[in-house]
Amino acid sequence: MSPVAYNQIAVPAMMYGTAWKKQATSELVQKAVEAGFTAIDTANQLIHYDEALVGDALVLLQQKRGLKRESLFLQTKFTSVDGQDHRTPYDASAPRATQVVQSMDSSLKHLHTDFIDSYVLHGPYSRNGLIAADWEVWSAIEELYKAGKTRMIGISNVSAEQLSQLCAKSTVKPMMVQNRCYAAMGWDYDVRQICVEHNIIYQGFSLLTANGQALSNPAVRAIATRLRCEVTQLIFAFAMHVGMLPLTGTTNVEHMEQDLQAEKLVLTLEDIELIENVAVASRR
Ligand SMILES: NC(=O)c1ccc[n+]([C@@H]2O[C@H](COP(=O)([O-])OP(=O)(O)OC[C@H]3O[C@@H](n4cnc5c(N)ncnc54)[C@H](OP(=O)(O)O)[C@@H]3O)[C@@H](O)[C@H]2O)c1
């Protein structure tokens, strides 16, 4: 079920997310790769991620297990000044296009590589629409793509309106979207529809943490019982069945293994329909 982007690059079916892991980042990334994850998500943003510790893990995995760069899919992000504290990985007073170039250079150093697989704009500057600053940054990201520094480009925390605008006016459309996926919003239905239209890979995050009610819904739990799986696995399997690439942020090796097994579950159309509408049903 590996998703393929419109530029024909295949992406692993699930990603391991490294937010909020702090000092445990290196150890957890090593465990995730040993458990079978081949795609890692990070960001050059010290408030929530430690990209350099992801890089440390990759070096250790190369030394201990002979891990090859090509066998991993590495995704990182450019985070604007608004999403950073004083530890910006670029000169915060430089023009935005320069900030993007400096942030990418710093990511390549942190991750000990000369290319990124997917480079994501962490989020637009404003909640509504795209402003000049977004276009400035997106153009700089497009240039990194054209220069071969990254194999794919994407955007995160984006609304349907913003994504439509980006697809309509960019020179290079995003290949990836990464959004928090709420069951209450039809599992981000509007944004996912635009992704389908433009052949963009949709990555869903906080599928578990944002959807406590869906996970505890008796009808959803009954499907998990029938399939003899954990309800967490069911949610990841559902996400893949509707075309998402799920991210998991687990810190537990057993959960890492369980989450990866979700790809093997087979849901019926009725199961999918029930889960798609679970938030609507529980509001009645
Ligand atoms: N672009 C953005 O702005 C943005 C924002 C937030 C997150 N993200 C990305 O998305 C990633 C995932 O986010 P998230 O951590 O919110 O996702 P998540 O996987 O929904 O939540 C992680 C939580 O789920 C639990 N969990 C995972 N697998 C489980 C299992 N099999 N059984 C029981 N519990 C399980 C974990 O507990 P245990 O540790 O006990 O397993 C942890 O508490 C982040 O690391 C980051 O890479 C991006």
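Rules behind the numbers
- Residues numbered from 1 in each chain as written.
- Predicted model: local features only at pLDDT ≥ 70, side-chain atom pairs only at ≥ 80, totals over all residues.
- Heavy atoms only, no water.
- Buried < 20%, exposed > 50% of the residue type's maximum accessible area, 1.4 Å probe, protein only.
- Helix = DSSP H or I, 4+ residues; strand = E, 2+ residues; numbered from the N terminus.
- Pairing = 2+ DSSP bridges.
- Right-handed = clockwise from strand over helix to strand, strands pointing away.
- Core = buried A, V, L, I, M, F, W, Y, C linked by side-chain atoms within 4.5 Å.
- Contact = heavy atoms within 4.5 Å.
- Phe/Tyr/Trp six-rings, centres within 6.5 Å; stacked < 30°, edge-to-face > 60°.
- Near = heavy atom within 4 Å.
- Polar contact = N/O pair within 3.5 Å; in protein donor to acceptor, adjacent residues only side chain to side chain.
- Areas by Shrake-Rupley, 256 points an atom, 1.4 Å probe, with all protein chains shown as cover.
- Nonpolar A, V, L, I, M, F, W, Y, C, P; charged D, E, K, R; others polar.

A.B. asks: I'd love a proper account of the pairing of strand E3 (residues 73-78), names of residues and values included.
C.D. replies: Taking burial as the measure, the six residues of E3 include six buried ones, the bulk of the element. Both faces of E3 are covered, namely the face carrying Phe73, Gln75 and Lys77 and the face carrying Leu74, Thr76 and Phe78. Looking at chain direction, strand E2 (residues 39-41) and E3 are connected through three bridges and run parallel. Bridging across to E3, aspartate 41 finds its partner in glutamine 75. Note on the crossover from E2 through helix H2 (residues 51-65) to E3: the handedness is right-handed. Pairing between E3 and strand E4 (residues 116-121): four bridges, direction parallel. Along E4, the bridge assignment pairs lysine 77 with valine 120. For the crossover that starts at E3, traverses helix H3 (residues 96-110) and ends in the parallel E4, the hand is right-handed.

A.B. asks: Please give an account of the nonpolar core that cites residues and values.
C.D. replies: One finds Met152, Leu163, Val177, Trp187 and Ile275 to be the most contacted residues of the largest nonpolar core, which totals 84 residues. Broken down by element, the residue count for this core peaks at eight residues, all from helix H9 (residues 231-241). With near-sequence residues (within four places) excluded, isoleucine 275 lies in contact with Trp187, Val220, Ile223, Leu234, Ile235, Phe238 and Leu267.

A.B. asks: How would you explain unusual backbone geometry if you had to name every residue and give the values?
C.D. replies: Despite not being glycine, aspartate 188 has its phi angle at roughly 60 degrees, a positive value. Judged by relative accessible area, aspartate 188 falls into the buried class, the value being 10%. Despite not being glycine, arginine 228 shows a phi value in the positive range, around 55 degrees. Turning to its location among the elements, arginine 228 is positioned in the loop between helix H8 (218-227) and H9. The exposure class assigned to arginine 228 is exposed, which follows from its relative accessible area of 79%.

A.B. asks: Before we move on, could you go through the packing of aromatic side chains and cite the residues and values that matter?
C.D. replies: The tally for this structure, following the rule as stated, stands at three aromatic pairs. A centroid spacing of 5.5 Å and a plane angle of 55 degrees characterise the contact between tyrosine 16 and phenylalanine 37, whose relative ring orientation is tilted. Highlighted residues: tyrosine 16 in strand E1 (residues 15-17) and phenylalanine 37 in the loop between helix H1 (25-35) and E2, separated in sequence by 21 residues. Accessibility assignment for this pair places tyrosine 16 and phenylalanine 37 in one class, buried. Between tryptophan 187 and phenylalanine 238, the ring centres sit 5.0 Å apart and the planes meet at 55 degrees, which makes this aromatic pair tilted. Placement of tryptophan 187 in the loop between strand E6 (176-180) and helix H6 (189-198) and of phenylalanine 238 in helix H9 is noted, with a sequence separation of 51 residues between them.

A.B. asks: Describe the side chain of serine 107, with residues and values.
C.D. replies: Checked against the element boundaries, serine 107 lands in helix H3. By relative accessible area, which is 0% here, serine 107 ends up buried. With near-sequence residues (within four places) excluded, serine 107 lies in contact with Asn44, Glu51 and Thr76.

A.B. asks: Requested: an account of the site of the ligand, with residues and values cited.
C.D. replies: In the vicinity of the ligand, 27 residues are found, and the nearest of them are Asp41, Gln178, Thr250, Thr251 and His255. One of the side-chain N or O atoms of serine 156 is found 2.8 Å from a nitrogen atom in the ligand. Between the ligand and the protein, one listed contact pairs an oxygen atom with a side-chain N or O atom of asparagine 157 at 2.8 Å. Expressed as a share of its isolated accessible area of 910 Å², the protein-covered part of the ligand is 82%. Elements with a minimum of two residues in the shell around the ligand: E6, strand E8 (244-248) and helix H10 (253-261). A total of three residues in the shell around the ligand trace back to one element, the largest contributor, which is H10. A per-class count over the shell around the ligand returns seven nonpolar, 16 polar and four charged.

Coordinates in, geometry out; function isn't part of it.
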